[in-house]
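Analysis of the macromolecular model
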Amino acid sequence: MPQFGLLVVPVFLFLRMLSGSTSPLDSLPEPLFLILHASPTVHFVIFAQAVLFRDAGLVAVLPQLAVVSLLGAGFLAIALLRFRRMLTLQA
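Residues numbered from 1 in each chain as written. Predicted model: local features only at pLDDT ≥ 70, side-chain atom pairs only at ≥ 80, totals over all residues. Heavy atoms only, no water.

With that settled, consider the overall build of the protein chain. Scanning the protein chain from N- to C-terminus turns up four helices and zero strands. Going residue by residue from the N terminus, the α and β elements of the protein chain occur as α-α-α-α. At 16 Å, the protein chain has a C-alpha radius of gyration far larger than the 12 Å of a compact globule built from 91 residues. By its C-alpha atoms, the protein chain is 55 × 30 × 25 Å across when sized along the principal axes. Relative to its full complement of 91 residues, the protein chain shows a buried share of 18%. Counted over contacts in the protein chain with a minimum sequence separation of 6, partners at least 24 positions apart contribute 42%. Of the roughly 7100 Å² that the protein chain leaves accessible, carbon and sulfur atoms contribute 76%. (Helix = DSSP H or I, 4+ residues; strand = E, 2+ residues; numbered from the N terminus. Rg over C-alpha atoms; globule rule 2.2 N^0.38 Å. Buried < 20%, exposed > 50% of the residue type's maximum accessible area, 1.4 Å probe, protein only. Contact = heavy atoms within 4.5 Å. Areas by Shrake-Rupley, 256 points an atom, 1.4 Å probe, with all protein chains shown as cover.)

Shown next, in the form of C-alpha coordinates:
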(Lines give C-alpha, C1' and ligand atoms only; values in the text may rest on other atoms or scores of the structure.)
Protein backbone atom coordinates (compact mmCIF):
# COMPACT_ATOMS: atom_id res chain seq x y z
CA MET A 1 0.00 0.00 0.00
CA PRO A 2 2.83 2.52 0.59
CA GLN A 3 3.95 1.99 -3.01
CA PHE A 4 0.50 3.07 -4.18
CA GLY A 5 0.81 6.29 -2.19
CA LEU A 6 4.22 7.00 -3.67
CA LEU A 7 2.86 6.42 -7.17
CA VAL A 8 -0.32 8.46 -6.72
CA VAL A 9 1.29 11.65 -5.41
CA PRO A 10 3.27 12.48 -8.58
CA VAL A 11 0.34 11.53 -10.82
CA PHE A 12 -2.10 13.74 -8.92
CA LEU A 13 0.39 16.61 -8.79
CA PHE A 14 0.99 16.31 -12.53
CA LEU A 15 -2.74 16.28 -13.31
CA ARG A 16 -3.43 19.16 -10.93
CA MET A 17 -0.67 21.36 -12.33
CA LEU A 18 -1.69 20.72 -15.93
CA SER A 19 -5.47 20.90 -15.40
CA GLY A 20 -5.75 24.56 -16.29
CA SER A 21 -6.42 25.77 -12.76
CA THR A 22 -2.96 27.26 -12.21
CA SER A 23 -1.79 27.87 -15.77
CA PRO A 24 -3.74 28.38 -19.00
CA LEU A 25 -4.25 25.35 -21.20
CA ASP A 26 -3.50 27.43 -24.30
CA SER A 27 0.16 27.65 -23.32
CA LEU A 28 0.63 23.87 -23.50
CA PRO A 29 2.09 22.12 -26.55
CA GLU A 30 -0.58 20.69 -28.86
CA PRO A 31 0.13 16.96 -28.20
CA LEU A 32 0.04 17.46 -24.43
CA PHE A 33 -3.12 19.55 -24.78
CA LEU A 34 -4.85 16.69 -26.61
CA ILE A 35 -3.66 14.06 -24.12
CA LEU A 36 -4.85 16.08 -21.14
CA HIS A 37 -8.39 16.28 -22.51
CA ALA A 38 -8.73 12.61 -21.54
CA SER A 39 -8.38 13.69 -17.91
CA PRO A 40 -11.54 14.58 -16.00
CA THR A 41 -9.69 17.28 -14.04
CA VAL A 42 -9.40 19.50 -17.12
CA HIS A 43 -13.12 19.37 -17.78
CA PHE A 44 -13.96 19.86 -14.12
CA VAL A 45 -11.77 22.98 -13.96
CA ILE A 46 -13.47 24.39 -17.08
CA PHE A 47 -16.85 23.65 -15.53
CA ALA A 48 -15.96 25.06 -12.11
CA GLN A 49 -14.43 28.25 -13.52
CA ALA A 50 -17.48 28.84 -15.70
CA VAL A 51 -19.83 28.48 -12.74
CA LEU A 52 -17.77 30.34 -10.15
CA PHE A 53 -16.34 33.19 -12.21
CA ARG A 54 -18.85 33.71 -15.00
CA ASP A 55 -22.05 32.55 -13.24
CA ALA A 56 -22.77 30.17 -16.12
CA GLY A 57 -26.03 28.28 -16.23
CA LEU A 58 -26.62 24.60 -16.83
CA VAL A 59 -26.83 24.98 -20.61
CA ALA A 60 -23.36 26.57 -20.75
CA VAL A 61 -21.67 23.84 -18.72
CA LEU A 62 -23.61 20.85 -20.04
CA PRO A 63 -20.82 19.76 -22.43
CA GLN A 64 -18.28 19.62 -19.59
CA LEU A 65 -20.75 17.78 -17.34
CA ALA A 66 -21.38 15.26 -20.10
CA VAL A 67 -17.66 14.68 -20.69
CA VAL A 68 -16.95 14.27 -16.96
CA SER A 69 -19.90 11.86 -16.67
CA LEU A 70 -18.76 9.81 -19.66
CA LEU A 71 -15.17 9.66 -18.42
CA GLY A 72 -16.39 8.67 -14.96
CA ALA A 73 -18.62 5.94 -16.41
CA GLY A 74 -15.73 4.67 -18.51
CA PHE A 75 -13.32 4.57 -15.58
CA LEU A 76 -16.00 2.87 -13.44
CA ALA A 77 -16.53 0.22 -16.11
CA ILE A 78 -12.79 -0.45 -16.32
CA ALA A 79 -12.57 -0.68 -12.52
CA LEU A 80 -15.51 -3.10 -12.37
CA LEU A 81 -13.98 -5.32 -15.04
CA ARG A 82 -10.67 -5.39 -13.21
CA PHE A 83 -12.42 -6.09 -9.91
CA ARG A 84 -14.38 -8.99 -11.39
CA ARG A 85 -11.22 -10.41 -12.92
CA MET A 86 -9.45 -10.11 -9.57
CA LEU A 87 -12.30 -11.97 -7.83
CA THR A 88 -12.26 -14.82 -10.36
CA LEU A 89 -8.48 -15.22 -10.03
CA GLN A 90 -8.71 -15.54 -6.24
CA ALA A 91 -11.49 -18.12 -6.26
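In contact at an axis separation of 9 Å, helix H3 (residues 40-54) and helix H4 (residues 58-90) are set at 150 degrees when each is read in the N-to-C sense. As judged from the angle between their axes, H3 and H4 are roughly antiparallel. For the element pair H3 and H4, the recorded crossing hand is left-handed. Residues Pro40, His43, Phe44, Ile46, Phe47, Ala50 and Val51 of H3 touch H4, and the partners they reach there are Val61, Gln64, Leu65, Val67, Val68, Leu71 and Phe75. Tallied by class, residues from the contact of H3 with H4 come to twelve nonpolar, two polar and no charged. (Axes fitted to C-alpha atoms, helices over the stretch in contact; angles between N-to-C directions. Parallel < 35°, antiparallel > 145°, perpendicular 65-115°, else oblique. Left-handed = near helix turned anticlockwise from the far one by under 90°. Nonpolar A, V, L, I, M, F, W, Y, C, P; charged D, E, K, R; others polar.)

Positive phi is not limited to glycine here, since Asp55 has a value of about 55 degrees. Along the chain, Asp55 turns up in the loop between H3 and H4.

Bringing the confidence of the model for the protein chain into the picture now. Summarising the model, the protein chain shows a mean pLDDT of 86, and 98% of its residues fall at 70 or more. Ranking the elements of the protein chain by mean pLDDT puts helix H1 (residues 2-17) last with 81 and H4 first with 91. (pLDDT = per-residue confidence, 0-100.)

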